[in-house]
Amino acid sequence: MDEELGGISEEYYDIPPVKYEYLDHTADVQLHAWGDSLKEAFEQCGMAMFGYMTELEYVQIKDVHTIEASSDDLMGLLYHFLDELLFLFSYEPFLICKKLVITEFNTQEFKIVCKCYGEEFVIGKHPQGTEVKAITYSAMQIIDDPKDNKYEVFVIIDI
């Protein structure tokens, strides 16, 4: 855990509205997320993945972990960001996130730093959704259109 929860201000317990949906895809699922900025669309995509793995209303904010992702381009950055989140869930501490806050979103150097708020996934407390095996580049799309205020991402996850 990065921080003691006693040091977390009340604002971090406020959960943003859901801005994602699941689209059918042969043998997999496509995450479609959007936001008021590309950063928010990335955060929402991460939350969509966690929402597919369990029902998020059962998750409490007890721990905070920081992840970092980097790449050579924007699609690679989205891929590595989601892959880091999946790793956080798949290995100790088995963190299931209730909220993601990207604190650094650099689209010039393609780097993300993100605070992940949640708790250890516990069978019995958290309903088991579908296991996410991997993130894919297949049909990945990033819509970054500031003039039309349109920020969306589409990612197929292997289930």
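The chain carries the name Protein archease-like in an unreviewed UniProt entry, which gives Bombyx mandarina as its organism. UniProt, in the comment section headed Sequence similarities (unreviewed entry), describes the chain in these words: "Belongs to the archease family."

Engineer: Sorry, what's going on with the overall build of the chain here?
Structural biologist: Looking only at helices and strands, one finds two helices and eight strands in the chain. Listing every helix and strand of the chain by position from the N terminus yields β-β-α-β-α-β-β-β-β-β. Taken against the 2.2 N^0.38 rule, which gives 15 Å for 159 residues, the C-alpha radius of gyration of the chain at 15 Å falls within 12% of a compact globule. Principal-axis analysis of the C-alpha atoms places the extent of the chain at approximately 40 × 35 × 25 Å.

Engineer: When you look at the environment of Gln30 in this model, what are you seeing that I'm missing?
Structural biologist: Looking at the secondary structure, you find Gln30 in strand S2 (residues 28-35). Gln30 sits 24 residues away from Thr54 along the chain, and the two C-alpha atoms are 16 Å apart.

Engineer: Would you mind showing me how to read unusual backbone geometry here?
Structural biologist: Negative phi characterises most residues that are not glycine, and trans characterises most peptide bonds. The omega torsion across Glu92 and Pro93 is 20°, close enough to zero to call that bond cis. Along the chain, the position of Pro93 falls in the loop between helix H2 (74-90) and strand S4 (95-106). One non-glycine residue, Phe94, lies in the positive phi region at around 55°. Relative to the helices and strands, Phe94 resides in the loop between H2 and S4. Taking relative accessible area as the criterion, Phe94 reaches 33% and is therefore assigned partly exposed. Positive phi, normally seen in glycine, also occurs at Phe110, with a value near 55°. One can find Phe110 in the loop between S4 and strand S5 (111-120).

Engineer: Explain H2 here, please?
Structural biologist: For the α-helix, the turn length of 3.6 residues means that residues three or four positions removed from each other point alike. In a regular helix each residue adds 1.5 Å, so 17 residues correspond to 24 Å; H2 covers 24 Å between its end C-alpha atoms and thus fits that length. Restricting attention to buried positions, one finds in H2 the residues Leu74, Gly76, Leu77, Leu78, Tyr79, Phe81, Leu82, Leu85, Leu86, Leu88 and Phe89. The N-terminus of H2 is capped by Asp73, whose side-chain oxygen sits 3.5 Å from the backbone nitrogen of Met75.

Engineer: Can you walk me through the pattern of salt bridges in this structure?
Structural biologist: Any two side chains of opposite charge can pair, given that their charged atoms come close. Enumeration according to the criterion identifies six salt bridges in this entry. Across the pair Lys125 and Glu119 runs a salt bridge whose closest N-O atoms are separated by 2.8 Å. We classify Lys125 as partly exposed; its relative accessible area is 30%. Each of the salt bridges in this network shares a partner with another, and the network as a whole consists of Lys19, Asp36 and Glu40.

Engineer: Explanation requested: helix H1 (residues 38-53) in the structure shown.
Structural biologist: For H1, with 16 residues, the first-to-last C-alpha span of 23 Å sits near the 22 Å given by 1.5 Å per residue. The element H1 is largely enclosed, with a buried count of 13 among its 16 residues.

Engineer: It is not clear to me how the nonpolar core should be interpreted in this structure. Could you clarify?
Structural biologist: In a soluble, globular protein the nonpolar side chains are often hidden away together inside. Ranked by size, the top nonpolar core spans 44 residues in total, and within it Phe42, Phe50, Phe81, Leu85, Leu100, Cys116 and Val153 carry the most contacts. Contributions of two or more residues to this core are made by S2, H1, strand S3 (63-70), H2, S4, S5 and strand S8 (150-158). Counting residues per element, this core draws most heavily on H2, at 10 residues. Not counting the four nearest positions on each side in its chain, Phe42 is found in contact with Leu74, Leu77, Leu78, Phe81, Ile102, Phe105, Ile112, Ile142 and Val153.

Analysis parameters
- Residues numbered from 1 in each chain as written.
- Predicted model: local features only at pLDDT ≥ 70, side-chain atom pairs only at ≥ 80, totals over all residues.
- Heavy atoms only, no water.
- UniProt positions renumbered as here; feature names shortened; annotations may be inferred.
- Helix = DSSP H or I, 4+ residues; strand = E, 2+ residues; numbered from the N terminus.
- Rg over C-alpha atoms; globule rule 2.2 N^0.38 Å.
- Buried < 20%, exposed > 50% of the residue type's maximum accessible area, 1.4 Å probe, protein only.
- Expected span 1.5 Å × (residues − 1).
- Polar contact = N/O pair within 3.5 Å; in protein donor to acceptor, adjacent residues only side chain to side chain.
- Salt bridge = Lys/Arg side-chain N within 4 Å of Asp/Glu carboxyl O.
- Core = buried A, V, L, I, M, F, W, Y, C linked by side-chain atoms within 4.5 Å.
- Contact = heavy atoms within 4.5 Å.

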